[in-house]
Amino acid sequence: MSATMEDIRDHGRGHHHDTVDRSGTPLVDMRDISIAFGGIHAVDHASIDLYSGEVVALLGHNGAGKSTLIKILSGAYKRDSGEIFVRGEKASIGNPRDAKAYGIETIYQTLALADNVDAAANLFLGREIMTPWGTLDDGAMEAEARKVMGRLNPNFRRFKEPVKALSGGQRQSVAIARAILFNAKILIMDEPTAALGPQETAQVADLIKELKKEDIGIFLISHDIHDVFDLSDRVVVMKNGQVVGSARTEDVTKDEVLGMIILGKCPPGATPGPGAMKE
Amino acid sequence: MSEATSDTSLTRSGPTAGVGGFKGFMRATEIDTRMLGMIGALLVIWVGFHILSGGTFLTPRNLWNLSVQTASVGVMATGMVLVIVTRNIDLSVGSILGVTGMIMAVAQTQYFTPMLGYDSGLVWIATLATGLVCGLLIGGLQGFVIAYLGVPAFIVTLGGLLVWRGGAWWVASGRTIPLTDENFKLLGGGSDGSIGATWSWIVAAVAIVFIVVGALAARRQRKRFKFAQKPVWAEAFTLAISLIAVVGATMIVNSYLLPGPLARRYAEANGIAVPEGGLEISFGYAVPVLLFIGVGIVMTFIAKRTRFGRYVFAIGGNPEAAELAGINTKRVTLMVFALMGMLAAVAAAISTARLSSATNAQGTLDELYTIAAAVIGGTSLAGGAGTIAGAMLGALVMQSLQSGMVLLGMDTPLQNIVVGAVLVVAVWLDTIYRRRAA
Ligand SMILES: Nc1ncnc2c1ncn2[C@@H]1O[C@H](COP(=O)(O)OP(=O)(O)OP(=O)(O)O)[C@@H](O)[C@H]1O
Ligand SMILES: [Mg+2]
């Protein structure tokens, strides 16, 4: 695989220095969130927060509840209980439109693309550029789409085709482009590089660093610690719908985080959550 | 990367670069192969019936009648495209046609004509407006139950099929209501409901201007964003074909002449002297046909150039993704059904005016012809794909089959068997085409 994968092999502490200012109110604060599907407690009294310019990696096994938790933030699911605060103020997020109004943009694990329209139509879906006569300005939208896609995936040319004709990686690029197109303040990335090749993955890593500089807060979700350890300022680990614990990335090693993911064991450098293994 | 190689053919530096022959031609002219296939099928049907009927099918008179007969179902088919694209179905359109037709007839004879006067030019407007509003409300009600109460469209509109048919009976206790307003009857065509040779040429000229201006505007748009242009020869070719079609259609409707006695009556009414050798007065385009084409243009505009249309297709492709993108999918669904109801009312106006009366059985089975027209026209029952123009052509194909069989003197049961079989075969062929294209 790529060079970025290679230098993750050393199991040392996260080597970038934590520079995030966490003295003020967090950008996002999800408190005591629960949701159940039938009998399954997909998310069980989970709390998680995020500061401006911070990348919080949300880790956990398949089925840990990561996607469900962030779908509550993005407005896709309605929580059973708990509260969400955005910049210290209580937010009412009942549907995806509400979330977007708070500057929350999401790259879903399933990508959530409209398969039968082209890339530009997908990028602007729900926020189309209109002509002065109130009709769709497809030319302007395609021109914008070419710009942003050029930044993410310069080889991409298939602007006239419905996105269902695109490869998995190309579709993922479209989903990422859509999320960064509208000046997000809070970005949720659910396994954003799962279908990408090494070159595009490196491009997404660069993109995340750039967005961080613009003071955007990012939830970066993965079930694989190697993908996110270098990029994240903090890690939060979930297991069976509960938060095992959270830690500054520089305070823990990869092995310790793996222990959190697999066993639910909270290391000394981390703050335990309700899901931490009791000794 | 593998995608880089497959992309080269689409690098539109020169759209034909690297691809020659038929494929390159089709790509350069941007002609839809499915559309071309349908036009081909239509021509085969026409020529076939012409030969079988001993040369009576491809006559101005028959083609003119065909155009008028297509209008009512064709209007509804344009709306059915959007319904099916959103992965729904509307089985109630025939009954909505029935009830709105009846409402319009009753409103006209019992209220508007007495109130506004027999000669008033407002009667037809009031009648039509009443019908449109009723259609909109009926469709909107069904759409509400489907979108907001979560009852499947199949069930809601199956219920609607019975409810509105019953409603039509209830409006006039099963009587047939003859229309009173002559202006309204023009909507149905007939010798008075046609615009004559001169106006037909004017319509044709306007259409040509729009086609040319549209093509130029598209070129300007591509230039504005520095996208690759269609080659000039391809542009000229598609333009020429469109212009020939417009001129040809106009010549055909203009060569259908009023029969002798009617022409004499017309001449007397308009104070024209009857010359030696008789009069030559053309029908020209029928009003319902113009209405049909107008509806088609408006619906194409809605589907392609408005937010609403974009959302309809996005929902059809992936309803969950559309919702996550922030689209109010429930409202869009409601609006689709409301629009369908309104188009059923337009179709009701056409067919009521053509019959000069509203009958209780009017529109029976039209839902099936409408759905068939949309599906033959390339609308995918899986949702997400379909064109208005395709559905309009589909309606013409259906009507051509029926008219042709009537011309051949086939029995009604046999007609039904043929229409049913053709529908299944057409969709089967389309399935094969789609699998190949994918
Ligand atoms: N819509 C739903 N209906 C029923 N159960 C659901 C639904 N969505 C999630 N679940 C259940 O909730 C639990 C958490 O699922 P979730 O998708 O959040 O896991 P995840 O941590 O994102 O896993 P992965 O790494 O595989 O993406 C699982 O047991 C899943 O089966
Ligand atoms: Mg997930």
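Now for a quick tour of the structure. A quick note: this is a predicted structure, and the numbers were derived from the prediction, not measured.

Thoughts on the site of ligand 1
All names here are of chain A. In the vicinity of ligand 1 lie 14 residues, with Gly63, Lys66, Ser67, Thr68 and Gln109 positioned nearest. At 2.9 Å, a side-chain N or O of asparagine 62 approaches an oxygen atom of ligand 1. Serine 67 places a side-chain nitrogen or oxygen 2.7 Å from an oxygen atom of ligand 1. The leading source of residues in the shell around ligand 1 is helix H2 (residues 66–73), at three residues. Taken together, the residues of the shell around ligand 1 break down into four nonpolar, eight polar and two charged.

Looking at the interface of chain B and chain A
Interfaces are often described in size by the accessible area the parts lose on coming together. If you look at the interface, chain B gives 33 residues, while chain A gives 38 residues. In total, chain B and chain A occlude about 2,900 Å² of area from one another, counting both sides; carbon and sulfur atoms represent 55% of this. Across the chain B-chain A interface, the total number found is four salt bridges. For the salt bridge of A:Asp138 with B:Arg310, the shortest nitrogen-to-oxygen distance reads 3.0 Å. Across the chain B-chain A interface, the total number found is twelve residue pairs in polar contact (both at pLDDT 80 or more). For the side of chain B that touches chain A, the element with the highest residue contribution is helix H13 (residues 307–317) of chain B, accounting for seven residues. In the side of chain B that touches chain A, the residues fall into 13 nonpolar, ten polar and ten charged.

Let's talk about the sheet that holds strand E8 (residues 217–222) of chain A
Residues and elements named next belong to chain A. If you walk across this open sheet you meet the seven strands as E6-E7-E8-E3-E9-E10-E11, and the pairing is mixed. Looking at strand neighbours, the two that pair on one side only are strand E6 (104–107) and strand E11 (271–272), the edges of this open sheet. Against the sheet, H2 engages strand E3 (55–60), E6, strand E7 (186–190), E8 and strand E9 (234–239), with an angle of about 140° to E3. Those strands touched by helix H9 (residues 254–263) are E3, E9 and strand E10 (242–248), and its axis lies near 20° from that of E9.

Parameters at a glance
- Within any chain, residue numbers begin from 1 and follow the written order of that chain's sequence.
- Working convention: letters from A go to chains and numbers from 1 go to ligands, in the order in which they are written.
- With the structure being a predicted model, the display of local features is reserved for residues of pLDDT at least 70 and the display and counting of side-chain atom pairs for 80 or more, all residues being used for whole-chain, interface and lining totals.
- Neither water nor hydrogens contribute to the side-chain values; these are computed over all heavy atoms in the structure.
- We call a residue near a molecule or strand when any one of its heavy atoms sits within 4 Å of it.
- Whenever a nitrogen or oxygen atom comes within 3.5 Å of another N or O atom, the pair is scored as a polar contact, on the condition that within protein one atom can donate a hydrogen and the other can accept it, and that pairs from neighbouring residues in sequence are kept only if both atoms are in side chains.
- Strands are runs of DSSP state E lasting at least two residues, helices are runs of H or I lasting at least four, and both sets are numbered from the N terminus onward.
- Gly falls in the polar group here, along with every residue not listed as nonpolar (Ala, Val, Leu, Ile, Met, Phe, Trp, Tyr, Cys, Pro) or charged (Asp, Glu, Lys, Arg).
- Pairs of residues are marked as contacts when any of their non-hydrogen atoms sit within 4.5 Å.
- Buried area is understood as the total, over both parts, of accessible area removed when two parts are fitted together, assessed with a 1.4 Å probe.
- The term salt bridge refers to a pairing of a side-chain nitrogen on Lys or Arg with a carboxyl oxygen on Asp or Glu at a separation within 4 Å.
- Pairing between two strands is assigned when DSSP locates at least 2 bridges connecting them.
- Structural elements are reduced to axes, namely lines fitted to C-alpha atoms, with helices fitted over the stretch in contact, and the angle between N-to-C directions of any two is expressed from 0 to 180 degrees.

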